[in-house]
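Next come the chains, spelled out residue by residue.
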Amino acid sequence: MSVQIEFQVSAPPFRWDEAGGIRIGQSRVTLDSLLATYHNGSTPEEIAVQYPVLCLGEIYAAIAYYLTHRQEIDNYLEQRRKKAQQQRNQFVQQYNLANLRQRLRDRYQPQGEL
């Protein structure tokens, strides 16, 4: 006599946000943030402490998905990195931020002092 066990396979706890990023579960934590923490050496339990809004199961599921779909997720992360860099460059050009620090120093430096 054999025992038959039934179980359900669940999808990773991901959802796309309005900006095209992947969030974990119903939280605002991005997959980018979770994986950066993981790559910096944090265990899932340590990640749960850093992001208490996530349950341990969501963290393990996200990491497991990443480990089995590494190339796809690495491509996603690289696209996000490039897009963020492009947006930073556009912002710097649009608002002339190239020499902002020096302009602010010049503006607030007391006149007449050597």
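Source: prediction; values computed, not measured.

Peer 1: Is there a simple way to explain the packing of helix H3 (residues 56-68) against helix H4 (residues 70-94) in this structure?
Peer 2: When two helices pack together, their arrangement is given by the angle between their axes and by how far apart the axes lie. Where H3 meets H4, the axes come as close as 5 Å, and the angle between the chain directions of the two elements is 100°. By the criterion of interaxial angle, the relationship of H3 to H4 is roughly perpendicular. Packed against H3, whose contacting residues are Tyr65, Tyr66, Leu67 and Thr68, the element H4 presents Arg70, Glu72, Ile73 and Asp74 at the interface. Classifying every residue of the contact of H3 with H4 by side-chain character gives 4 nonpolar, 1 polar and 3 charged.

Peer 1: Is there a simple way to explain the side chain of Ser42 in this structure?
Peer 2: Within the secondary structure, Ser42 is located in the loop between helix H1 (31-39) and helix H2 (44-50). Under the relative-accessibility criterion, Ser42 is labelled buried at 17%. Contact partners of Ser42, with chain neighbours within four places excluded, come to Thr37, Ile47 and Gln50.

Peer 1: How do you make sense of H4 when you look at a structure like this?
Peer 2: In an α-helix, one turn spans 3.6 residues, which is why side chains three or four residues apart end up on the same side. For H4, built from 25 residues, the straight-helix expectation of 36 Å at 1.5 Å per residue is met to within 8% by its first-to-last C-alpha distance of 36 Å. Of the positions making up H4, those classed as buried are Ile73, Tyr76 and Leu77. Residues of H4 that are buried sit in contact with strand E1 (14-16), strand E2 (22-24), H1 and H3. Positioned one or two residues after H4, Asn96 has a phi angle of 50°, which is positive.

Definitions and cut-offs
- Residues numbered from 1 in each chain as written.
- Predicted model: local features only at pLDDT ≥ 70, side-chain atom pairs only at ≥ 80, totals over all residues.
- Heavy atoms only, no water.
- Axes fitted to C-alpha atoms, helices over the stretch in contact; angles between N-to-C directions.
- Helix = DSSP H or I, 4+ residues; strand = E, 2+ residues; numbered from the N terminus.
- Parallel < 35°, antiparallel > 145°, perpendicular 65-115°, else oblique.
- Contact = heavy atoms within 4.5 Å.
- Nonpolar A, V, L, I, M, F, W, Y, C, P; charged D, E, K, R; others polar.
- Buried < 20%, exposed > 50% of the residue type's maximum accessible area, 1.4 Å probe, protein only.
- Expected span 1.5 Å × (residues − 1).

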